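# Working through the structure, step by step
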Amino acid sequence: MNDFTEYFTLEIYKLGLVKFGSFKLSSGKVSPYYIDLRTLPSYPHLYKQVMLALARLIEETCGEFDVVAGIETSGIVHAAYLGCLMGKPVAYVRKKAKGHGLSKLVEGVVEGKKVVLVDDVSTTGNTLASAIDVLRATGALVEYAFVIVDRCEGAREKLEKIGLVLKPLITVR
């Protein structure tokens, strides 16, 4: 375990962002623990350190890219922060088309652009895979997805099958 991983793990535990009990995840799985990174931005000192570390990981992995995209809802705030931090345009992917306006699934300019996808936590990879399908259907070039935490429950393998690399900042292991 590196210093950042140890620090981050202890901090989210102390802040109560890791909860124990019985939780139904978006994948439908029931888990004995829940990592609540939706409230991470409520702790700006820690959040800034996490976003700086994620930005470094993205730069080291991708080099040049055009757009940071987040997934509705929790990935949007991370994409927005990273976009500002890295001087990149931001887009986001909706889980379903809204029933008014332009009814788009992707907000932002992604066609023909090299896009990095970000989200908070990966479990099975279903949400990430759906977002990647939508981005690719709109003409985005997507090779990498970045998450703060990978629960190591199949997301990496699922994304590899569709030609995408999952890069977590930390894993539950």
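Structure first, text after, so check above.
Residues numbered from 1 in each chain as written. Predicted model: local features only at pLDDT ≥ 70, side-chain atom pairs only at ≥ 80, totals over all residues. Heavy atoms only, no water.

Examined against the element boundaries, Leu169 turns out to sit in strand β8 (residues 165-171). Exposure remark for Leu169: the relative accessible area of 17% places this residue in the buried category. It is 4.8 Å that separates the C-alpha atoms of Leu169 and Ile148, two residues lying 21 residues apart in sequence. When sequence neighbours within four positions are dropped, the list of residues in contact with Leu169 reads Phe4, Val50, Ala53, Leu54, Leu57, Val147 and Ile148. (Helix = DSSP H or I, 4+ residues; strand = E, 2+ residues; numbered from the N terminus. Buried < 20%, exposed > 50% of the residue type's maximum accessible area, 1.4 Å probe, protein only. Contact = heavy atoms within 4.5 Å.)

Before going further, it helps to examine the packing of helix α2 (residues 44-62) against helix α3 (residues 74-86). Packing of α2 against α3 brings their axes to within 10 Å, and their N-to-C directions diverge by 70°. Classified by the angle between their axes, α2 and α3 sit roughly perpendicular to one another. The way α2 lies across α3 gives a crossing that is right-handed. Here Tyr47, Lys48, Met51, Leu52, Leu54, Ala55, Ile58 and Glu59 of α2 come into contact with α3, specifically with Val77, His78, Tyr81, Leu82, Leu85 and Met86. Looking at the contact of α2 with α3 residue by residue, the classes come out as eleven nonpolar, one polar and two charged. (Axes fitted to C-alpha atoms, helices over the stretch in contact; angles between N-to-C directions. Parallel < 35°, antiparallel > 145°, perpendicular 65-115°, else oblique. Left-handed = near helix turned anticlockwise from the far one by under 90°. Nonpolar A, V, L, I, M, F, W, Y, C, P; charged D, E, K, R; others polar.)

Counted according to the given criterion, the structure contains six salt bridges. With a shortest N-O distance of 3.2 Å, Glu153 and Lys29 are connected by a salt bridge. Here Glu153, found in the loop between β7 (141-150) and α5 (155-161), pairs with Lys29, found in the loop between β1 (18-24) and β2 (30-35); they are 124 residues apart in sequence, far enough to count as distant. Look at Lys29 and you get partly exposed, because its relative accessible area is 34%. (Salt bridge = Lys/Arg side-chain N within 4 Å of Asp/Glu carboxyl O.)

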